[in-house]
Structures are given as structure tokens and as C-alpha cells.
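Now for the letters of each chain:
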Amino acid sequence: MSAIRYHLASSPVYGGGLGLANDLQNEHSIVGNFPDVLMLHHFGDEQQRETLIPARLRGEFRTTFGLTEPDHGSDATFMSTTAHQIRGGFEITGAKKWQTGAHHCTHFLIFARTSGQAGSAQGITAFLVPRDTEGVRIVSYEWTLNMPTDHATVELNSVWVPRSAVLGSVDRGLAIAQTFVHENRIRQAASSCGAARYCLDRSIERARARKIWGEGKSLANNQAIQFPVVELMTQVEMLRLFILKTSWEMDRIVAECQSSETQWPPWVEIERRLSDQVAMCNFWANRLCCQAADRAIQIHGGDGYSRHYPFEHIYRHFRRYRITEGAEEIQMRKIGAYIFGFAGPKKKDMEYAERSKAKI
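Labelled according to an unreviewed UniProt entry, the chain appears under the name Acyl-CoA dehydrogenase/oxidase, originating from Penicillium patulum. Entered under Cofactor (unreviewed entry) in the UniProt record, the comment concerning the chain runs "FAD". According to the UniProt record, the Sequence similarities (unreviewed entry) comment for the chain reads "Belongs to the acyl-CoA dehydrogenase family."

Enquirer: Got a minute to help me understand the nonpolar core in this structure?
Expert: By size, the foremost hydrophobic cluster in this structure holds 41 residues, and its most contacted members are Cys199, Leu200, Val236, Ile243, Phe311 and Ile314. Those elements giving two or more residues to this core turn out to be helix H1 (2-10), helix H5 (181-209), helix H6 (223-258), helix H7 (266-300) and helix H9 (311-319). Take this core: its biggest share by element is 12 residues, from H7. Counting 21 residues, the second-largest nonpolar core is a separate cluster that includes Met39, Leu67, Phe111 and Leu128.

Enquirer: What exactly am I supposed to notice about the pattern of salt bridges here?
Expert: In a structure, side chains of opposite charge can pair up when their charged atoms sit close to one another. Throughout the structure, instances matching the rule amount to 18 salt bridges. A salt bridge links Glu155 to Arg137; the nearest nitrogen and oxygen atoms lie 3.0 Å apart. Separated by 18 residues along the polypeptide, Glu155 in strand S7 (residues 148-162) and Arg137 in strand S6 (residues 136-143) bring together distant segments of the chain. A relative accessible area of 26% places Glu155 in the partly exposed class. A salt bridge links Asp303 to Arg206, with the nearest nitrogen and oxygen atoms 2.9 Å apart. Taken together, the positions of Asp303 in helix H8 (residues 302-305) and Arg206 in helix H5 put the pair 97 residues apart, joining distant regions of the chain. Classification of Arg206 as buried rests on a relative accessible area of 14%.

Enquirer: Quick question: what am I supposed to make of the pairing of strand S3 (residues 89-99) here?
Expert: For a regular strand, side-chain orientation follows a simple rule: the groups alternate between the two sheet faces. As judged from the five bridges shared by strand S2 (residues 82-86) and S3, these two strands associate in the antiparallel manner. Each bridged residue has a counterpart across the sheet, and for His84 the counterpart in S3 is Glu91. Between the antiparallel neighbours S2 and S3 lie two residues, among them Arg87 with a positive phi of about 50°. As judged from the eight bridges shared by S3 and S7, these two strands associate in the antiparallel manner. When the bridges of S7 are listed, Gly94 appears paired with Leu156.

The rules behind each value
- Residues numbered from 1 in each chain as written.
- Predicted model: local features only at pLDDT ≥ 70, side-chain atom pairs only at ≥ 80, totals over all residues.
- Heavy atoms only, no water.
- UniProt positions renumbered as here; feature names shortened; annotations may be inferred.
- Core = buried A, V, L, I, M, F, W, Y, C linked by side-chain atoms within 4.5 Å.
- Buried < 20%, exposed > 50% of the residue type's maximum accessible area, 1.4 Å probe, protein only.
- Helix = DSSP H or I, 4+ residues; strand = E, 2+ residues; numbered from the N terminus.
- Salt bridge = Lys/Arg side-chain N within 4 Å of Asp/Glu carboxyl O.
- Pairing = 2+ DSSP bridges.

Following this line, the structure appears as C-alpha cells:
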């Protein structure tokens, strides 16, 4: 999926930058990418799997992902939405924001606190709430830097759902979000890296073709044009290989888990071993794409600023990736924790070294 995303985003044959021949939100026309199917497959009960997975593939079941709230984004474990057991089911009250696909969904996947203290990963439960359930109200669709969108704010006012609406285990629903977060981040990185390459390739073409000062020289003769492109293109090439390497390592972990060589599910093992590398790919690629789009605008001059060229749209589209799938600050914090041994594979080694040092 990473290789496909990079190819579609970087090639002018497929729309270039935005991959207009194949929406960069997915690769459905090339590779099946259905996070909701993964959630149902790993966490759904027998009835949910047998009913909802086929319905999803037929397009009859479509769900949003309701973790973010109006007052809680990266601090999702402090969510204000609650669910209490009542009358053989649960009553949900709260609000969710940025519910992508709300305009045509059949269900909302709503995460709500069912027990425990604010900030705890335990005590959160996932519910599949039909859109037409009494008490569910779409408050607004949010306008963004990129476009008027399908990202809705949804209120849930004493919404009752039966026990069968629970996806996974009660109080352990947060694990559901981890099944695909690393897949999303690495694919998103591949999109951004590919779009950055597209912007730079078009900039090179423009600089070579643009004749200036009546001397027959091209814009490309100027080092002020060359050097910024050189720096960005170098980063694109290094990052592309890092993304593919990390994706390959993720595939290897999945294969190991499928052969029962590890006690952990693949997404947990990827979190343990590769979360920092995935975060590195993601936060840097998203930032790099914005830099490349900005440089393309500058090299194209007034034309680049216009909507006759795709660069301003690429910037607007990919700028959000520095926030979605984990803000870059959150990902940098995770990388720091892994590098300095506060989390990840180095943690035990660092703790052992500290204990040994204390004994000496």
C-alpha cells in the first residue's frame, strides 16, 4: 500500500500530487484498504463479523470513527462522552467531532467512557450506533482550510443502544483504534512523500522551461532556484526508502504473528518494535510535502499561487496530515520516548543499565 500510494501521488499520469484518479483517502481500486473490516475481523463477535463485513464490502455498512471530541483530540483518554448500563444496554451522552463520512454513513463508531478515571486507557468502550438512532444529531459540517467537508460534529443525547452494539470488550475498546493506526500513518507518509516528489518534478520542469531577462537563460540556471530543490529532493529520496523499509518490516512482523511465533497481535508488536520509525516517516513526510508545495508555488510565481496549478490545493490537502492520525508533536514525543528509553525496546536495557550503575 505504501508503494502504491507513493506511485499514485508522485506520477502526473494519475492526476499527480492529489492522485485524482484514485482518492488518496484510500486505494480501494488497487488494494483493499478497509480499517473498519480489520476492526470487525479482530474485535467483532460472530454475528457482527458474519453480518457487517459482507455488508461493508457491498457498500451497505459505512461507519465513522468517533474518538475525537470538541474538547479532546490528542488527549483522547480524557474524553467526556460517557455510557452507562441501563435497560439491557447502554445510554450514551456526549459529542464527537471530525466524524469523516457522516454525510453518507449508516453507523457511528462511538468511543465512550464506561468506567475508570479520566486519562486511563482502561474503561473505554466502542459502540456501533446506527445513524438514525433516537438522540443522535449532526450539529454541523466543518469548513476547513481544504474544503467544505463531510467532517461532522455529532451530539448524542441519552442515546440508548443494546448490548449487541458493543464492538469488542466492554472497558477495553481503546485497543480497537490501535489495529490500524500504524497502517494509516505509514500510508499517509507515502502519500505525502509522493506528493512532495510531484511538486519538485513539476518545479524542475517549470524552471527549465521558463526563460528570463531576455538572455535565453532558464530560471533553472540560478542556484537560488537549484539549491532549495536539491535539499528537498534529497529528503524525498531518503524518506522514500525509509518508508518502504519500515513498511517491509511491518509486513515481516505481521507474518511472524500469523505463524504464532509471538504472543502479541501484530498491531501490538508493531507498536512495541516500530512505532518510533512509523512516527518518523509520518511526521517528516507530512512536513516535507508542505515545504515542497510551498517551494513549487514560489518557483511557479503567480501561476503557482493560482488555482490553474495544483500546488495550492496540494498544500491545503496535505497540511491537515500534520494534525490527523496523531499530531506531529505527539509523534515526536513518542519518538523521543523510544530514543531515550522511556518506552519501546530500549526501555528494559536503560532500566537495567540504571540499576547496574546504582549497584556500582
